[in-house]
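Listed below are the residues making up each chain.
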Amino acid sequence: GPSSDRAEPTLRAYYDKGVVLATDDEQFQLRLALRTQFRLELIRPTEDGAELSARLSIPRARLQLEGHVLGKAQRYKLELALGDRGSFGCVRDLYVERRVADATWVRVGQWKRPFNRQELVADFGSEFNERAITAEFVGGGRDLGLAVHNDYEKSPAGLEWVVGLFNSFAGGADRPSAPITCRDDAAAMTVTCTQPAPTTVPTDFAPALVARVGFNRGEVKGYTEADLEGGPLRWGVGLNYKVD
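A.B. asks: Even after reading the chapter, I still don't get the overall build of the chain, so can you show me in this structure?
C.D. replies: A tally of regular secondary structure across the chain gives two helices and 13 strands. Taken over the C-alpha trace, the chain has a radius of gyration of 23 Å; the compact-globule value for 244 residues is 18 Å, which it surpasses by more than 25%. In terms of overall dimensions, the chain has a C-alpha envelope of 85 × 55 × 40 Å along the principal axes. Taken over 244 residues, the chain has a buried fraction of 32%. Restricting to contacts in the chain with at least 6 residues of sequence separation, those with at least 24 account for 53%. Of the roughly 15,900 Å² of accessible surface on the chain, a fraction of 59% belongs to carbon and sulfur atoms. Computing the positive centroid from 31 side-chain charges and the negative centroid from 34, the chain places the two 3 Å apart.

Here you go:
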């Protein structure tokens, strides 16, 4: 066929918070990152004569793939938990989103519901080893849903907002559940227990509307607990609401 003067895009590889593969025309990008936490625990009971015990563990190991396809207006993310706390692996985040206006995105998939700032802070951006018990009490966690937002996770200057319809009112757990069911046969004097495979499938669809609005000033990184970079005052405030 006839020759074309149009050059084919080339693929570049570089490091930017992970290994990045991208075309030079910026139409496609994939960032691959492995994030891990190692923990040494030393425990000494208060009883007299108690011995010190120690153990090493990997409380979190995450594989992340994110980027865009056919332009920066179509983004995606996949995050896998690789056996957190010695448990089984599972999908934590899996969503796609499209920019439908200058600062408006539509997202569908599974991710952290926009409820409770401490829950939205990444495990790797927290100051303490684990979140406070209030994070679990208010029912955050990940869930399947559909949302419209203005890139709230990046703390845009001024107003941030997001509203979405999610699978349940209480939110999803960080890991799939593996319930154990036991049956007591009094006549045979036996107890039989069964444990199915871990699952994220909910027992019932109970949709909930979740909304968040906030305000940011001074180029604050609103969803990390540490801000030690110095400079002028930075702050962010937000309000959440949910209803089933």
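We are not done yet, so read on.
A.B. asks: Looking at this structure, I do not really get the state of the cysteines. What am I missing?
C.D. replies: By definition, a disulfide links the sulfur atoms of two cysteine residues through a covalent bond. One pass over the structure, following the stated rule, counts one disulfide. Disulfide pairing is shown between C182 and C193; the S-S distance is 2.1 Å. Judged by the sign of its S-S torsion, about 105 degrees, the cystine formed by C182 and C193 is right-handed. Of the two residues, C182 sits in strand β10 (residues 181-185) while C193 sits in strand β11 (residues 190-194), which places them 11 residues apart along the sequence. With a relative accessible area of 46%, C182 lands in the partly exposed category. Judged by relative accessible area, which is 44%, C193 ranks as partly exposed.

A.B. asks: Help me out: how do you make sense of the packing of aromatic side chains in this one?
C.D. replies: Aromatic ring pairs: the centre-centre distance and the angle between the two ring planes describe each pair. A full pass over the atoms with the stated rule returns three aromatic pairs. Relative to W111, the ring of Y95 has its centre 6.0 Å away and its plane inclined at 65 degrees; by these criteria the two rings are edge-to-face. Note that Y95 is positioned in strand β6 (residues 90-101) and W111 in strand β7 (residues 104-112), a separation of 16 residues in sequence. Across the pair, W111 and Y95 agree in class, each one buried. Judged by centre distance (5.8 Å) and plane angle (35 degrees), the ring pair of F215 and W235 falls under tilted. You can see F215 sitting in strand β12 (residues 208-217) and its partner W235 sitting in strand β13 (residues 235-243), a full 20 residues away along the chain. Of the aromatic side chains, those joined through ring pairs into one cluster are Y95, W111 and F166.

A.B. asks: Please explain the pairing of strand β8 (residues 142-149) as it appears in this structure.
C.D. replies: It is a general feature of regular strands that their side chains alternate between the two faces of the sheet. The sheet contact formed by β7 and β8 spans eight bridges and is antiparallel. Its bridge partner lying in β8, V106 is registered against V148. As paired elements, β8 and strand β9 (residues 158-166) share five bridges and run antiparallel to each other. Its bridge partner being in β9, G145 is matched across the sheet by F166.

A.B. asks: What should I look at first to understand the environment of F215 in this one?
C.D. replies: In this structure F215 comes out as partly exposed when scored by relative accessible area, which is 28%. Measuring from C-alpha to C-alpha, the distance between F215 and G238 comes to 6.4 Å, with 23 residues separating the pair along the chain.

A.B. asks: Help me understand the pattern of salt bridges in this model?
C.D. replies: Between side chains of opposite charge, pairing is possible as soon as their charged atoms come close. For the structure shown, the criterion picks out 21 salt bridges. Residue E130 is joined to R60 by a salt bridge in which the shortest nitrogen-to-oxygen separation is 2.5 Å. Of the two residues, E130 sits in the loop between α1 (117-120) and α2 (133-137) while R60 sits in strand β4 (residues 53-68), which places them 70 residues apart along the sequence. Using a relative accessible area of 5% as the deciding quantity, one classes R60 as buried. Among the salt bridges present, the one from D123 reaches R92, with a minimum N-O distance of 3.6 Å. Remark: R92 occurs in strand β6 and D123 occurs in the loop between α1 and α2; sequence separation between them is 31 residues. With a relative accessible area of 9%, D123 lands in the buried category. For R92, a relative accessible area of 2% puts it in the buried group.

A.B. asks: In this structure, what is going on with a nonpolar patch on the surface? I would like to understand it.
C.D. replies: Nonpolar side chains collect at one region of the surface, where V96, V100, V106, V108, L146, V148, V163, L165, L209, Y241 and V243 lie side by side and expose about 880 Å² of accessible area between them. Mapped onto the nonpolar patch, the elements with two or more residues apiece are β6, β7, β8, β9 and β13. Turning to its location among the elements, L209 is positioned in strand β12.

The rules behind these values
Position labels on residues start from 1 in each chain and follow its written sequence. In keeping with the model being predicted, local features are shown solely for residues with a pLDDT of at least 70 and side-chain atom pairs are shown and tallied solely at 80 or more, while totals for entire chains, interfaces and linings include all residues. Heavy atoms throughout the structure, all of them, feed into the side-chain values; hydrogens and water do not. Strands here are runs of E lasting at least two residues and helices are runs of H or I lasting at least four, both read from the DSSP assignment and numbered beginning at the N terminus. We compute the radius of gyration from the C-alpha atoms alone; for a globule the expected value is 2.2 Å times N to the 0.38, where N is the number of residues. Throughout, exposure labels follow a simple rule: accessible area from a 1.4 Å probe, protein chains only, divided by the maximum for the residue type, with under 20% read as buried, over 50% as exposed, and the rest as partly exposed. Contacts are residue-level and defined by heavy atoms, with any inter-residue pair within 4.5 Å sufficient. Throughout, the Shrake-Rupley method with a 1.4 Å probe supplies accessible areas, and for residues the shown protein chains are the sole cover considered. Neither His nor the chain ends contribute to the count of charged residues, in which Lys and Arg are positive and Asp and Glu negative. The atoms used to mark charge sites are NZ of Lys, CZ of Arg, CG of Asp and CD of Glu. Whenever a pair of cysteine sulfur atoms sits within 2.5 Å, that pair is classed as a disulfide. A pair of Phe, Tyr and Trp rings is counted when the ring centres sit within 6.5 Å of each other, with Trp represented by its six-membered ring. The angle between the planes then sorts it: under 30 degrees is stacked, over 60 is edge-to-face, the rest tilted. In this analysis, strands are considered paired if DSSP registers two or more bridges between them. Here, a salt bridge means any Lys or Arg side-chain nitrogen found within 4 Å of an Asp or Glu carboxyl oxygen. For patches, a residue must show more than 30% relative accessible area and have no salt bridge; joins then use 9 Å for like charges and 5 Å for nonpolar side chains, namely Val, Leu, Ile, Met, Phe, Trp and Tyr.

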